[in-house]
Amino acid sequence: MRVLGLDPGLVNMGWGVLDVVGSRITHVANGTCHSGTGDLAQRLLQLHSELTEVIKRHVPDTAAVEKTFVNKDGVGTLKLGQARAICMLVPAQAGIQVAEYAPNSVKKVVVGVGHADKKQVEHMVRMQVPKVKFHGQDAVDALAIALCHAHHAQFSGKLDAALARAGVAR
C-alpha cells in the first residue's frame, strides 16, 4: 500500500509518501507544495497543480490529511480550511480515498503522546523511517500523518481479517 500524507497550509503544503508492506514501512518521497503570495484563487490553483503532479508522480493508494484546528484568528483558520480542501479534493479527483486525523491523534500514534512538540515528532518519524532526508518541517508533519494512517490501516486490515475469520460482519 502506498500512503500519501498531507499537511495543509496555504503558503506551504507538506506532503510525504510511504510504502507499507506488512509491518515494513519505507520512505518514498517528501516535499512541500508552495503557493507564493497574491490572489487567493491563484494560490489555491498553484497548490492544486503541484499536488496533482505529486499524485501523478507517486501514485498513492490512499491519502490522509490533518484536520484543521480552530484558533483565535478566524481569517487564518478559514484560509487554512481552503488549503485543506485542496488536500482532500486532489486525491478524490484521482479516485483516492482520503482519511482525516486530528493533530493530537497523529502525535499520539507517532510519538505516544498527544501533545508532543515538533522536535519529538521529527525524532520519531526519523526513527520509524531511517535515512530519510526531510524537505522542510511541513514535509515532516506530512510523513507523520502518513505514518499515522499506515498504522491505522494496518490495524484495520488485521481487525477486518480477524472478524472475517470469526464470521462476524463489521
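Everything numeric here is computed off the predicted structure, so don't read it as measured data.

Visitor: Could you clarify how one ought to interpret unusual backbone geometry in this entry?
Guide: A negative phi angle characterises most non-glycine residues, just as the trans form characterises most peptide bonds. One non-glycine residue with positive phi stands out, namely Val-59, at about 45 degrees. With respect to the element layout, Val-59 can be found in the loop between helix 1 (40–58) and strand 4 (62–66). Residue Lys-131 is not a glycine yet carries a positive backbone phi of 65 degrees. Mapped onto the elements of the fold, Lys-131 is located in the loop between helix 4 (118–128) and helix 5 (137–166).

Visitor: Where do I start with the environment of Arg-84 in this structure?
Guide: When you line up the elements, Arg-84 lands in helix 2 (residues 74–93). A relative accessible area of 13% means that Arg-84 is categorised as buried. Spatially, the C-alpha atoms of Arg-84 and Pro-8 are 5.0 Å apart, while their sequence positions differ by 76 residues. Arg-84 has contacts with Pro-8, Val-65, Glu-66, Lys-67, Thr-68 and Glu-100, leaving out every residue within four places of it along the chain.

Visitor: Whenever I open this one, the pairing of strand 3 (residues 24–34) confuses me. Can you help?
Guide: Along a regular strand, successive side chains alternate from one face of the sheet to the other. Inspection of the sheet shows strand 2 (residues 12–21) paired to strand 3 by ten bridges, in the antiparallel sense. Its bridge partner being in strand 3, Leu-18 is matched across the sheet by His-27. Hairpin connection between strand 2 and strand 3: a loop of two residues separates the two successive antiparallel strands, and Gly-22 in this loop has a positive phi of roughly 60 degrees.

Visitor: Explain the nonpolar core to me, please; I cannot follow it from the model alone.
Guide: When a protein is soluble and globular, its nonpolar side chains tend to lie buried together. Counting 23 residues, the largest nonpolar core has Leu-18, Val-106, Val-125 and Leu-147 as the members making the most contacts within it. Of all the secondary structure elements, the ones that give two or more residues to this core are strand 2, strand 5 (97–101), helix 3 (103–110), helix 4 and helix 5. A per-element tally of this core places helix 5 first, with eight residues. Discounting residues that sit within four places of it in the chain, Leu-147 has contacts with Leu-18, Ile-25, Val-110, Val-125, Gln-128 and Val-129.

Visitor: Honestly, the sheet that holds strand 4 in this entry has me stumped. Any pointers?
Guide: Strand pairing in a sheet relies on backbone hydrogen bonds. The paired strands run either parallel or antiparallel. Across the sheet, five strands lie side by side as 3-2-1-4-5; this open sheet has mixed pairing. In this open sheet, the two strands that pair with only one neighbour each are strand 3 and strand 5. The sheet shows a mean angle of 20 degrees between the axes of neighbouring strands, direction not considered. The strands that helix 1 touches are strand 1 (2–7), strand 2 and strand 3; relative to strand 3, the one it contacts most, it runs at about 155 degrees.

Visitor: Can you help me understand the environment of Ala-150 in this one?
Guide: Locating Ala-150 in the fold gives a position in helix 5. Since its relative accessible area comes to 0%, Ala-150 is described here as buried. Along the primary structure Ala-150 and Ala-63 are separated by 87 residues, whereas in three dimensions their C-alpha atoms are 9.6 Å apart. The residues touching Ala-150, leaving out its near neighbours within four places in the chain, are Met-1, Val-3, Val-20 and Ile-25.

Visitor: Looking at this structure, I do not really get the side chain of Asn-30. What am I missing?
Guide: As for its placement among the helices and strands, Asn-30 is situated in strand 3. A residue is classified by how much of its surface remains accessible, and Asn-30, at 7% relative accessible area, is buried. A distance of 2.8 Å separates the side chain of Asn-30 from the side chain of His-27, its partner in a polar contact. A distance of 3.1 Å separates a polar atom in the side chain of Asn-30 from the backbone oxygen of Lys-133.

Visitor: Would you mind showing me how to read the packing of helix 1 against helix 2 here?
Guide: Helix-helix packing is described using two parameters, namely the angle between the two axes and the distance between the axes. One can describe the packing of helix 1 onto helix 2 by two numbers: an axis separation of 9 Å at closest approach and a directional angle of 35 degrees. For the pair helix 1 and helix 2, the crossing hand works out as right-handed. For the pair helix 1 and helix 2, the contacting residues are Leu-40, Leu-44, Leu-47, His-48, Leu-51, Thr-52 and Ile-55 in the first and Gln-82, Ala-83, Ile-86, Cys-87, Leu-89, Val-90, Pro-91 and Gln-93 in the second. When its residues are assigned to classes, the contact of helix 1 with helix 2 shows eleven nonpolar, four polar and no charged.

Parameters at a glance
Residues numbered from 1 in each chain as written. Predicted model: local features only at pLDDT ≥ 70, side-chain atom pairs only at ≥ 80, totals over all residues. Heavy atoms only, no water. Helix = DSSP H or I, 4+ residues; strand = E, 2+ residues; numbered from the N terminus. Buried < 20%, exposed > 50% of the residue type's maximum accessible area, 1.4 Å probe, protein only. Contact = heavy atoms within 4.5 Å. Pairing = 2+ DSSP bridges. Core = buried A, V, L, I, M, F, W, Y, C linked by side-chain atoms within 4.5 Å. Axes fitted to C-alpha atoms, helices over the stretch in contact; angles between N-to-C directions. Polar contact = N/O pair within 3.5 Å; in protein donor to acceptor, adjacent residues only side chain to side chain. Left-handed = near helix turned anticlockwise from the far one by under 90°. Nonpolar A, V, L, I, M, F, W, Y, C, P; charged D, E, K, R; others polar.

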